[in-house]
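Survey of secondary and tertiary structure
Spelled out from the first residue to the last, the chains are:
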Amino acid sequence: MEKKLSKKISRRTLLKGTAVAAAILGLAVSFIGQTAMAQGTIKYGTMHPLTGVYSVLGLDQQRATEMAVEEWNAKGGLLGKKIVWISRDDQLNGAVALRRAKELVEEEKCDFIGGTLSGAISLAMNEFACKNKIPYVAYCQSDMVLGADQCKYGAAFMVIPSSAALAVSKYAFEKIGKKWFSITADYRWGQSLLEGWIWQSEQMGGKFLGNVYAPLGATDFSTYFPKIMAANPDFIVMNNLGADQTAAIKQANELGLTKKMKIVCSKTAMHTIQELGGVYDENIMGGMTFYWKLRDKYATSKKFSDAFQKKYGKPIEQDGESGYVATNVLFMAAQKAGTVTDKEKIMNAMEGLKYELTKGPEQVRACDHQRVQSYLIVKGKGKKAKGWDVADIVAEIPGDSIIMSCENNAKKLPFANVKLPK
Amino acid sequence: MLFDVPWNVIVLQLFFGLALGSIFVLLASGLSIIYGLLDIVNFAHGTFAMLGAYAVFVAISLSGSFLIGIVSAIVVVGLIGVVIEFILLKPLYGKDPLLPLLLTFGLSVAIPDLIKIIFGLIGKPINYPEALSGATVLGPLILPNYRLFIIFFTLAVLISLWLFLKKSDLGMIIRASTRDSLMVQVLGVNVSRIWTIGFAIGIGLAALAGAVAVPTMAATPDMGVDMTMVAFVVTVVGGLGSLGGAIVGGLFIGLVVAIASFIAGEYATVSMYFCMAVILLIRPRGLFGEVGRE
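Residues numbered from 1 in each chain as written. Chains lettered and ligands numbered in written order. Predicted model: local features only at pLDDT ≥ 70, side-chain atom pairs only at ≥ 80, totals over all residues.

1. Concerning the overall build of chain B
Helix and strand counts for chain B come out as ten helices and two strands. Starting at the N terminus and walking to the C terminus, you meet the elements of chain B as α-α-α-α-β-β-α-α-α-α-α-α. Relative to the globule expectation of 19 Å for 294 residues, the C-alpha radius of gyration of chain B, 19 Å, shows essentially globular dimensions. For chain B, the spread of C-alpha atoms along the principal axes amounts to about 60 × 50 × 35 Å. For chain B, with 294 residues in total, the buried portion stands at 50%. (Helix = DSSP H or I, 4+ residues; strand = E, 2+ residues; numbered from the N terminus. Rg over C-alpha atoms; globule rule 2.2 N^0.38 Å. Buried ≥ 20, exposed ≤ 12 C-beta atoms within 10 Å, placed from the backbone.)

2. Comments concerning the interface of chain A and chain B
Facing 35 residues of chain A, the contacting portion of chain B comprises 31 residues. Per element, the largest residue contribution to the side of chain A that touches chain B is six residues, and it comes from helix 9 (residues 242-254) of chain A. Of the residues assigned to the side of chain A that touches chain B, the class counts are 16 nonpolar, 13 polar and six charged. (Contact = placed C-beta atoms within 7 Å. Nonpolar A, V, L, I, M, F, W, Y, C, P; charged D, E, K, R; others polar.)

3. Section: the sheet that holds strand 15 (residues 391-397) of chain A
Residue and element names in this part refer to chain A. The sheet built from seven strands is open, its strands ordered 7-6-8-9-10-14-15 with mixed pairing. Either end of the sheet is taken by a strand with one partner, and the two such strands are strand 7 (207-214) and strand 15. Neighbour-to-neighbour, the strand axes of the sheet open up by a mean angle of 20°, direction not taken into account. Examined bridge by bridge, strand 14 (residues 375-380) and strand 15 share six bridges and lie antiparallel to one another. By the bridge assignment for strand 15, valine 378 is matched with isoleucine 393. Sheet contacts for helix 7 (residues 188-204): strand 6 (179-185), strand 7 and strand 8 (235-239); angle to strand 6, the most-contacted strand, approximately 165°. (Pairing = 2+ DSSP bridges. Axes fitted to C-alpha atoms, helices over the stretch in contact; angles between N-to-C directions.)

4. A look at the environment of Ser266(A)
All names here are of chain A. Its location among the elements puts serine 266 in the loop between strand 9 (262-265) and helix 11 (270-275). The class of serine 266 is buried, set by 32 C-beta atoms lying within 10 Å. Taking the C-alpha atoms as reference points, serine 266 and alanine 124, 142 residues apart in sequence, are found 24 Å from one another. Residue contacts for serine 266: discarding those within four places in its chain leaves Ala164, Ala165, Val168, Leu193, Val237, Met238, Asn239 and Gly287.

5. Some points on the domain arrangement of chain A
Residue and element names in this part refer to chain A. The domains assigned to chain A are domain 1 (39-159 + 297-372) and domain 2 (161-288 + 374-417). Contact with domain 1, which involves 23 residues of that partner, is made by 25 residues of domain 2. Elements represented by at least two residues in the side of domain 1 that touches domain 2 include exactly helix 5 (119-132) and strand 13 (370-372). Grouping the constituent residues of the side of domain 1 that touches domain 2 by class yields ten nonpolar, seven polar and six charged. (Domains from an automatic or database assignment.)

6. Observations concerning helix 3 (residues 55-74) of chain A
Every α-helix carries 3.6 residues per turn, so stepping three or four residues along brings you back to the same face. All names here are of chain A. Taking 1.5 Å per residue, 20 residues should reach 28 Å; helix 3 reaches 28 Å between its end C-alpha atoms and fits that length. Most of helix 3 sits out of view: 14 of its 20 residues are buried. One or two positions beyond helix 3, positive phi appears at glycine 76, with a value near 105°. (Expected span 1.5 Å × (residues − 1).)

7. Focus: the environment of Asp400(A)
One can find Asp400(A) in the loop between strand 15 and helix 15 (406-410). Linking Asp400(A) and Lys133(A), residues 267 residues apart in sequence, is a C-alpha distance of 29 Å.

8. A short note on the pairing of strand 3 (residues 112-115) of chain A
Residue and element names in this part refer to chain A. Burial along strand 3 is two-sided: the face carrying Phe112 and Gly114 and the face carrying Ile113 and Gly115 are both buried. The sheet contact formed by strand 1 (residues 41-48) and strand 3 spans four bridges and is parallel. Following the sheet pairing, threonine 46 is matched in strand 3 by glycine 114. Pairing of strand 3 with strand 4 (residues 136-138) involves three bridges; the strand directions are parallel. Each bridged residue has a counterpart across the sheet, and for glycine 114 the counterpart in strand 4 is valine 137. Between the parallel elements strand 3 and strand 4, the chain passes through helix 5 in a crossover that is right-handed. (Right-handed = clockwise from strand over helix to strand, strands pointing away.)

9. Things to note about the nonpolar core
By size, the foremost hydrophobic cluster in this structure holds 215 residues, and its most contacted members are Leu27(B), Val56(B) and Ala207(B). When residues of this core are assigned to their parent elements, the largest contribution, 17 residues, is made by helix 1 (residues 7-38) of chain B. Taken together, domain 1 (39-159 + 297-372) and domain 2 (161-288 + 374-417) of chain A each give at least three residues to this core, which thus spans both. (Core = buried A, V, L, I, M, F, W, Y, C linked by C-beta atoms within 7 Å.)

10. Quick notes on the pairing of strand 6 of chain A
Residues and elements named next belong to chain A. Among the seven residues in strand 6, six count as buried, and that is most of the element. Bridging between strand 6 and strand 7 involves seven bridges; their strand directions are parallel. Its bridge partner lying in strand 7, tryptophan 180 is registered against phenylalanine 208. Following the chain from strand 6 across helix 7 to the adjacent parallel strand 7, one finds a crossover that is right-handed. Taken together, the five bridges between strand 6 and strand 8 define a ladder with parallel strand orientation.

11. Describing the environment of Asp143(A)
All names here are of chain A. The residue aspartate 143 is located in the loop between strand 4 and strand 5 (154-156) in this model. The spacing of aspartate 143 and valine 159 is 16 residues in sequence and 9.0 Å in space, taken between C-alpha atoms. Every residue in contact with aspartate 143, bar those within four places of it in the chain, is listed here: Gly119, Leu123, Asp149, Ile160, Pro161 and Ser192.

12. Here's the deal with unusual backbone geometry
Looking along the chain, the bond that leaves Leu413(A) and enters Pro414(A) is cis, with omega of 0°. Take Pro414(A): it is sitting in the segment after helix 15. Within the chain, Lys412(A) stands out as a residue other than glycine whose phi angle is a positive 60°. Relative to the assigned elements, Lys412(A) resides in the segment after helix 15. Its 19 C-beta neighbours within 10 Å are what place Lys412(A) among the partly exposed residues. We note that Asp39(B) has phi near 60°; this positive angle belongs to a residue other than glycine. In this structure, Asp39(B) sits in the loop between helix 1 and helix 2 (45-63). With 15 C-beta atoms packed within 10 Å, Asp39(B) lands in the partly exposed category.

Okay, here's the thing in structure tokens:
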């Protein structure tokens, strides 16, 4: 075969051919690029976990972004230009997400990036965005707006974990009791929640009886419960999410614990409640940044959740809602700045930007690029649940009551001083 | 009291470890039978457990009976196993051993995606059967009935499996094929059919594991990934291809996870991989594995 080839094509001819092909390809790419420029488009690239255990939330993020982009394009685009949206699967993996971000910025030439469901990945994205001076809007709970991670080009559109903990713990200590025991997913997000709980407990006279760290993705929690049963708390705090939370609550129920004590989830999700069927009853409550029943309170919530429901046939999860707000606020900032090329000007325009999109009036805090928003406490409906009507909103904790001052956030205080249990 | 921990808490902890280990035993014994008989490393083993969980969901939705759910899991998924073995695996026998491994790996990716298309991305709830809810009180011990069920159910399955393999003609042929399939073929037995039956039994056991485990969680398309990992850890610890090894390995790993959860919860998962690493270092063929099968 080699002999046959050498007779037909000499090395020199091959090199010449390759060079000509590369030149033609280069010209073609350049032509396509120029055509896109001439058409005047703006590119927005997002990353979501579209495969794996959290794909249900990734899909909601993707759909919400799609909806926001379509709405802007229907109104004539951004600054008169059509918005082209490119979405990638980050597989909930930091290394993959970083590769996707590089593709989006270096190859696809995106003007802005956004998305991700993991706080840890958002930290890496934030660092990438800061180095490349490209605006990045995070859709997930993230610490990226605190301490040394604060940067000009990053903004977080779901609450920071400690805010979630502060909101839920405030409600729990006021309405349920003082003695608590926690199950914490053993990674950065879970630990941030626990810091918030311990700090709040000290402020409100709570009694912390202990904590167990469970590895992320644990499916059996039964072996953690004897210790908790012996401690006999007023309530168990779940600092976990998704399948971990489903299994933990199911197994607590199996032991009859949901009848003896309350379960309080720092963050819960509509699909988790649905997966648990009738188990998630009035003894179980959790925090959410958005739940479709907020439509009964705000006209904006009604308009937004009805539009999503009509388009996709199901109510939106909080993770999608934060994506919708992030996308809109990013475009609003660019509109206000009157540019898509001057990234610093766009971020300046985002600082302090006030808007009312899906809930009540909100803003992006100027000092740390944090969306100031309320946190909802929902209570399960148990066997009375029907379709997506799985929970009732029992409280809406105002956003400004669960965030620390700009000075404290810049130093990660007071949570940096909290000593976590081993 | 032991290290300031009350005895009843320690016993309860070990009880949970035993129940967890029972699910591991069901999973690993299926994997062991398939490896012992066919020399196939089934990367889709947990995927079949997931199918068992969904079979329970469908059966309960239609009939309302958990028992019918359990029976459907083993029958339906066992039949799926027969079809897969007959159509996809059979042509690969005698060829590169990497091919069946790649095939089962492909199945472990494709089947969950198919389930996502059919049932959606959100997990399906399966509640404990009413008759098995609640707990049995034994003095200071409160033992959840469903965990007791898992332990006794696994025991019943293992006794039935043992009787089948030791006392029935078919069982003896399966055991003989595990030892020397060529000799069995020379004696006039259709070994190809034996392999199909063996594969179906192995898959059926995986489905049973998924079926009994699912009321403690929810049926989700990706639940099989962790189950495959656990099955491999237990099989490696117990010894590849050894049913006794799968039983001892499963219970041992269940207890290790329970003890680790109590002492340092964050190391619960790592503890089983640590055990596997230690066993591989000091006895590469596993606790009950045969020489040459490490």
